[in-house]
Amino acid sequence: QVQLVESGGGLVQAGGSLRLSCAASGRTFSTYDMGWFRQAPGKERKFVAGISWSGGSTWSAESVKGRFTVSRDNAKNTVFLRMNSLKPEDTAVYYCAACRSGCYTSAERYDYWGQGTQVTVSS
C-alpha cells in the first residue's frame, strides 16, 4: 500500500500563508494522481485541490482558486499545498490522498489517505 504522512499544519492569522507537505512511501508515487481534502468539525470532507501523476494538470475547488496552489516533486515523493490569503473558513483538518486513476474531486474514489494535519486560521 501507499503510505501518506501530512505535515506543515499549524495556527496562522487570517491573510497569512502556510505550506502543507505530504510525504509518500510504499509504492511508485509518481504513478498516482494526488488530492488534498479538508474536513471541519461536524462537516463533510471536501475536495480542495488535486494534481495529476505528471504534475501537468491540476484542479481545485472554487473556494480556493487563486489562493491555493498544489504541486508535486516526484523525485522526493512529496506533494505540496501552498495556501495563501488564508481565511477563518479554511480552518480544518487537511488530508492528502492518492488515486490510481479517475478520482478527480470524488473522495470516495481515492485509494489511500494520510492521517491529516490541522490548520487553524484565526481572525
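What counts as what
- Residues numbered from 1 in each chain as written.
- Predicted model: local features only at pLDDT ≥ 70, side-chain atom pairs only at ≥ 80, totals over all residues.
- Heavy atoms only, no water.
- Helix = DSSP H or I, 4+ residues; strand = E, 2+ residues; numbered from the N terminus.
- Areas by Shrake-Rupley, 256 points an atom, 1.4 Å probe, with all protein chains shown as cover.
- Lys, Arg positive; Asp, Glu negative; His and termini not counted.
- Charge placed at Lys NZ, Arg CZ, Asp CG, Glu CD.
- Salt bridge = Lys/Arg side-chain N within 4 Å of Asp/Glu carboxyl O.
- Buried < 20%, exposed > 50% of the residue type's maximum accessible area, 1.4 Å probe, protein only.
- Pairing = 2+ DSSP bridges.

S.K.: Go over the overall build of the protein chain with me, naming the residues and quoting the values.
M.R.: Per the secondary structure count, the protein chain includes zero helices and 11 strands. Along the chain direction, N to C, the helices and strands of the protein chain fall in the order β-β-β-β-β-β-β-β-β-β-β. Principal axes of the C-alpha set define a box for the protein chain whose edges measure 40 × 30 × 25 Å. Surface exposure of the protein chain reaches about 6400 Å², of which carbon and sulfur atoms provide 44%. Here the protein chain contributes 14 positively and 9 negatively charged side chains, and the mean placements of these two sets differ by 3 Å.

S.K.: Which residues make up the pattern of salt bridges, and what are the values?
M.R.: Oppositely charged side chains are able to pair whenever their charged atoms sit close together. Within this structure, the stated rule accounts for four salt bridges. The salt bridge partner of aspartate 90 is arginine 38, with a shortest N-O separation of 2.9 Å. With aspartate 90 in the loop between strand E8 (78-83) and strand E9 (92-99) and arginine 38 in strand E4 (residues 33-39), this pair connects stretches of sequence that are 52 residues apart. Taking relative accessible area as the criterion, aspartate 90 reaches 1% and is therefore assigned buried. Taking the shortest distance from any N to any O, the salt bridge between arginine 67 and aspartate 90 comes out at 2.8 Å. One end of the pair, arginine 67, is in the loop between strand E6 (58-60) and strand E7 (68-73); the other, aspartate 90, is in the loop between E8 and E9, with 23 residues separating them in the sequence.

S.K.: Mind laying out the pairing of strand E11 (residues 117-122), listing which residues take part and the relevant values?
M.R.: Only one face of E11 is covered, namely the one carrying Thr117, Val119 and Val121; the face carrying Gln118, Thr120 and Ser122 has none of its residues buried. Sheet topology note: the strand E2 (residues 10-13)/E11 ladder contains four bridges and is parallel. In the strand pairing of E11, glycine 10 is matched with valine 119. One ladder, built from three bridges, connects E9 with E11; its direction is antiparallel. Residue pairing across strands places alanine 92 opposite valine 119, the latter belonging to E11.

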